[in-house]
Amino acid sequence: LDKKVRQNNWEEGNFINYKKMSENLNIVRSRLNRPLTFAEKILYSHLDDPEGQEIERGVSYLRLRPDRVACQDATAQMAILQFMSAGMPSVANPTTVHCDHLIEAQVGGAKDLARAVGINKEVYDFLASACAKYNIGFWKPGSGIIHQILLENYAFPGGLLIGTDSHTPNAGGLGMCAIGVGGADAVDVMANLPWELKAPKVIGVKLTGQLSGWTAPKDIILKVAGILTVKGGTGAIVEYFGPGVDSLSCTGMATICNMGAEIGATTSVFPFNERMADYLAATKRKDIGDFARTYAHGLRQDEGAEYDQLIEINLSELEPHINGPFTPDLATPISKFSEAVKANNWPEELKVGLIGSCTNSSYEDMNRGASIARDALNHGVKAKSIFTVTPGSEQIRATIERDGQLQTFEEFGGVVLANACGPCIGQWDRQDVKKGEANSIISSYNRNFTGRNDGNPATHAFVASPDLVVAMTIAGSLHFNPLTDKLKDKDGKEFMLAAPSGDALPNRGYDPGQDTYQAPPKDRSTVSVQVSPSSDRLQILSPFNAWDGKDATDLPILIKAQGKTTTDHISMAGPWLKYRGHLDNISNNMLIGAINSANGEANKVKNQTDGTYGGVPEVARDYKAKGIRWVVVGDWNYGEGSSREHAALEPRHLGGLAIITRSFARIHETNLKKQGMLPLTFSDPADYDKINPDDKVDVLCTEIAVGKPMTMRVHPKGGAAYDIKLSHTFNEAQIEWFKNGSALNTMAKNRA
Ligand code: F3S
C-alpha cells in the first residue's frame, strides 16, 4: 500500500492514501471489534481522530477528512467568496469547480452554450480567476455536468468526496463515498477544518440474478425508490452488494447511486469490482484499478456485516419501471403503466422525451438508446414526440459523435443539447406547450418534482431508463409498452422493437473532444480575482467584526417568528438565486417568508425605534445603520430544510447577534456558529411564550462557556425586567468562532 498512485491525471501532487486509510481502519477495528459495512470502512478510515472519535451509527457526529471537494457553478460562488475571506493563499484540499448549471437549453448545444457564456460572463470570469488564484481545477462551461466529470476523472474506490450538489453520490459507482453538502461545508474542507457528519445508518441492498433485455440499471433505483419512498433513506447510506452487482457496468452503478438522492440517502456506494477496474482503465486510470485490487479487502463489506435495514432484489425478475408523475417514488412497472395512466387520467400523449443528464448519459446509455432509435429508423419511423439528448460531458459528446450514435439521434429527430444540466434543473426555454397546460414528458433524469423541468406545474414528468424514454418517444404515447406492444412501420406493417443492446465502454477508447479544463497556473501570485465593483451578482465579502467582549444590552427583537421557519423562509430561493454571489443583494430576502407572531403576517414587522412597520430586511438595515444589534426569536426546529449557508450569512450581515429558539435544525445551528452568531435555545421552551415582540433584551455574552447556560434579561414594555436561561451547544473551538467574529476569521487568525 506504500505505492504513490495519483488521484487523477490532472493533479501532480495528490495521491491515493490507502496506507493511511488502512491504518485508521485498524485502529477503529480494534475498538469496535465487529464486522464493518463498506460505507463504514470508507468513513472510519477518513476520521480526523480514529482513536478518540465516538462511533455509534445514527448517533455520533463524525469528524472527517475528505479527500476532495467539488462545487458546481451556482453553489461555488458563495463558497469561494467565503473561502477568500479566510485569507489563505490556496485551498488546503484538492478542489474542482464545474460550470454546468447556468446553461439554458433553447435551440441546441453550440448556440445555447454561446448564449450562456455571454449572459453569465461575470460569474464565469470570477470563478475562472478565483480558481486560478486559489489552486482549484476549473472545468469551463461546455465541459459537462459535474457528476459525469467527477466519475470520468476524479472518483476512486474508497475515497471520500464532498460536493455542493445533491447528486454528488453519483461517484458511488466507482466505490467512492460521495456526499452532497452545503457551501459552508465545502468551505470548511477547503480551509482544512474537519468536516462533520452524523454517523449514518447503513441500508443494505442485496442484488441477485442478472439484468437482461429491456431492464436497465436505472430500474434498480426506480424500484428501490418505490420501496423506500422519498424519505426512506434519510440519515442512511445505501450500500449495494451481492452477486448481481457484477452484471452492472460501472456507469450503471453510478446511475443507481446518483438517484439515491431521491430517497433522501446521505449517499450510496457499490463495492470495488472488476467493472470499476474496466472503467478506470478506459478512462486512462488503469493504475488506480490495479492499486485498488491490492486494497480490495478495504473496499467491500466484511463477512457478517450488519445493516440497519436489508432489501433484496432479484435482477432476473426485475421489470422496467416508470416513476412519477410529480414524485420519484411513485413506481409503476411497465406492465401496469398503461392501466395507471388511464386510472389516474394522466395526459396520454407523450409530448417530450429527454435522455442524458448527470443520471444517464454514459456511453452505454447512449449506445443502447441509439440501438433503439436505429431499429426504428430501419423501419422507416422516427421520434413522434420532441426528443432531446443531453450528453453528460464533452468526452461523451465527442465519443458518440465519432462512433455515430449522435448522428443516429439527429436522424431520429433529436436535438442534441449542450453538455450541461439544462432541462434537468429547469434551464429549459420550452416552447411546445403553454404554462398551465396539462401534458406529459418522460426523461432519464432523476428528479421530477412539480415544475422542476419546465416551470409548468401542470407538466406530468415521469422518469425511466433512457431505453424506455427512446422507445416511448417513438410511439408518442404513454400507453406503449415495448416489451409487448407492436408499432407500425412506414408502410403500416406491424413490428416490435428489438431489446436495446450496446457495449458499455467504447472499444476504440474515449475521444476527449475539446479541451475544456483550466489547470491552476504554477505561479499564482500575480493572478487577481475578477469582480466588478458595480456587479449586482457578485460581491467580495469583508470579514465580520470580532465580538467587542461585552454583554449586549437593550436589543430589539427583529421578529418573533411563529411556527415552521425553514431555511427557505429565512433565505428564499427562486429569483433570489441570481444574487447568491452577492451577500448584500440577497440579504433583501432575509426572513421574508417567516410569520411574525405579532400579526400573523410575513415580512411585516414593527421598527422599535420609531413604531413604523416595514419589511424584515428594511427594518434590520435601519437598525444596522443606527448601530443597533438585534435578535430573532424562533419556534421549534428553526432552520430546517436545505443547508443553505445564506440563511446564516444574511442575519450576520444585517447586524443580528443571536437567534433564540425553542430548538434548531442542527446544520443551520452550526452554520450560524460558523458566521459568528449566537444560536441559543430557551432552556425552558415555555419561555418562548413569555416573550413579547415589543420586549427589549440583554444577552449576557460574557457568560459564554462550554456546557453552561447564558442569561437573557428581558425588559417588557412598562414591566419589571426578569431573567431567563438560554442553552447552547458551543464547544471550546466554536466559542473562539464567536469571539473572533466567524470560523473563517479564526482560521485566518490562527494562520497569522
Ligand atoms: Fe443536478 Fe445537473 Fe444533474 S441539475 S440533477 S447535476 S443534470
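Residues numbered from 1 in each chain as written. Predicted model: local features only at pLDDT ≥ 70, side-chain atom pairs only at ≥ 80, totals over all residues.

Colleague: Could you give an account of the overall build of the protein chain, with specific residues and numbers?
Modeller: Helix and strand content of the protein chain: 24 helices and 30 strands. For the protein chain, whose C-alpha radius of gyration is 27 Å, the value lies close to the compact-globule estimate of 27 Å for 752 residues. Projected onto the principal axes, the alpha-carbon positions of the protein chain cover approximately 90 × 60 × 50 Å. Per-residue burial for the protein chain yields a buried fraction of 54% across its 752 residues. (Helix = DSSP H or I, 4+ residues; strand = E, 2+ residues; numbered from the N terminus. Rg over C-alpha atoms; globule rule 2.2 N^0.38 Å. Buried ≥ 20, exposed ≤ 12 C-beta atoms within 10 Å, placed from the backbone.)

Colleague: Break down the nonpolar core for me, with residues and values.
Modeller: Grouped together as the largest cluster of nonpolar side chains are 211 residues, with contacts concentrated most on Leu127, Leu558, Val631 and Val699. With sequence-adjacent residues up to four places away left out, Val699 is seen in contact with Asp551, Ala552, Leu555, Val631, Leu657, Ala658, Leu678, Met710 and Met712. (Core = buried A, V, L, I, M, F, W, Y, C linked by C-beta atoms within 7 Å. Contact = placed C-beta atoms within 7 Å.)

Colleague: Describe the site of the ligand, and please don't skip the residues or the numbers.
Modeller: Looking at the ligand, the residues that line it are Asp100, Ile145, Ile146, His147, Asp165, His167, Ser357, Cys358, Cys421, Cys424, Ile425 and Asn446. Of the residues that constitute the shell around the ligand, the class distribution is six nonpolar, four polar and two charged. There are two domains that each give the shell around the ligand at least three residues, and those are domain 1 (18-202 + 266-296) and domain 2 (321-493). (Near = placed C-beta within 6 Å. Nonpolar A, V, L, I, M, F, W, Y, C, P; charged D, E, K, R; others polar. Domains from an automatic or database assignment.)

Colleague: Please set out helix α13 (residues 363-378) residue by residue, giving values where relevant.
Modeller: Its 16 residues place the ends of α13 22 Å apart at the C-alpha level, agreeing with the 22 Å of an ideal helix rising 1.5 Å per residue. Burial runs high along α13: 12 of the 16 residues are buried. Listed in full, the buried residues belonging to α13 are Tyr363, Glu364, Asp365, Met366, Asn367, Arg368, Gly369, Ala370, Ile372, Ala373, Asp375 and Ala376. Elements that come into contact with the buried residues of α13 comprise α9 (250-259), β14 (350-356), α14 (394-403), α15 (405-411) and α16 (466-475). Remark: Gly380 follows α13 within two positions and exhibits a positive phi of approximately 80°. (Expected span 1.5 Å × (residues − 1).)

Colleague: Outline the domain arrangement of the protein chain, listing residues and values.
Modeller: Size of an interface: often given as the accessible area lost when the parts come together. Taken domain by domain, the protein chain comprises domain 1 (18-202 + 266-296), domain 2 (321-493) and domain 3 (552-751). Computed from C-alpha atoms alone, the centre-to-centre distance between domain 2 and domain 3 is 46 Å.

Colleague: Just give me the short version of the sheet that holds strand β25 (residues 630-634), but keep the residues and values in it.
Modeller: Judged by pairing direction, the barrel is mixed, and its seven strands sit side by side in the order β22-β25-β26-β27-β30-β29-β28 before closing back on the first. Within this sheet the neighbouring strands show an average axis-to-axis angle of 40°, counted without direction. Looking at chain direction, strand β22 (residues 552-560) and β25 are connected through three bridges and run parallel. Within β25, the position partnered with Ile559 by the bridge is Val632. (Pairing = 2+ DSSP bridges. Axes fitted to C-alpha atoms, helices over the stretch in contact; angles between N-to-C directions.)

Colleague: So what about the packing of helix α3 (residues 73-85) against helix α7 (residues 183-190)? Which residues, and what values?
Modeller: At a minimum axis distance of 9 Å, the contact between α3 and α7 shows a crossing angle of 45°. Comparing the axis directions of α3 and α7 gives the class oblique. Along this stretch, α3 crosses α7, giving a crossing that reads as right-handed. Counting all contacts with α3, which are made through Thr75, Met78, Ala79, Gln82 and Phe83, the residues of α7 involved are Gly183, Ala186, Val187 and Met190. Tallied by class, the residues present in the contact of α3 with α7 amount to six nonpolar, three polar and no charged. (Parallel < 35°, antiparallel > 145°, perpendicular 65-115°, else oblique. Left-handed = near helix turned anticlockwise from the far one by under 90°.)

Colleague: How would you summarise unusual backbone geometry if you had to cite specific residues and measurements?
Modeller: Gly324 connects to Pro325 through a cis peptide bond whose omega is 0°. Positive phi, normally seen in glycine, also occurs at Asn345, with a value near 60°. Secondary-structure assignment places Asn345 in the loop between α12 (334-344) and β14. On the neighbour-count criterion, Asn345 (9 C-beta atoms within 10 Å) is exposed. A positive phi is found at Ser357, a non-glycine position, where the angle reads about 80°. With respect to the element layout, Ser357 can be found in the loop between β14 and α13. Under the C-beta neighbour-count criterion, Ser357 is labelled buried, with 31 such atoms within 10 Å.

Colleague: Break down the UniProt feature "domain: Aconitase A/isopropylmalate dehydratase small subunit swivel" (unreviewed entry) in the protein chain for me, citing the residues and quoting the values.
Modeller: In this structure's numbering, the residues bearing the UniProt feature "domain: Aconitase A/isopropylmalate dehydratase small subunit swivel" (unreviewed entry) are residues 556-684. Along residues 556-684 one finds 27% helix and 19% strand; the C-alpha atoms at either end are 21 Å apart. (UniProt positions renumbered as here; feature names shortened; annotations may be inferred.)

Colleague: Which residues make up the environment of Met259, and what values go with them?
Modeller: Following the sequence through the fold, Met259 ends up in helix α9. Of the residues examined, Met259 has 30 C-beta atoms within 10 Å and is grouped as buried. Separated by 212 residues in sequence, Met259 and Leu47 place their C-alpha atoms 27 Å apart. For Met259, the residues in contact, after removing those within four places along its chain, are Ile221, Thr359 and Asn446.

Colleague: Explain the sheet that holds strand β10 (residues 267-269) to me, and be specific about the residues and the numbers.
Modeller: Strand order across the open sheet formed by four strands is β10-β9-β8-β11, with parallel pairing between neighbours. Every other strand in the sheet has two partners, leaving β10 and β11 (309-314) as the edge strands with one partner each. Going across the sheet, the axis of each strand differs from the next one's by a mean of 20°, ignoring polarity. Of the pairings in the sheet, the one linking strand β9 (residues 236-241) to β10 comprises three bridges and is parallel in character. Within the sheet, the bridge partner assigned to Val238 lies in β10 and is Ser268.

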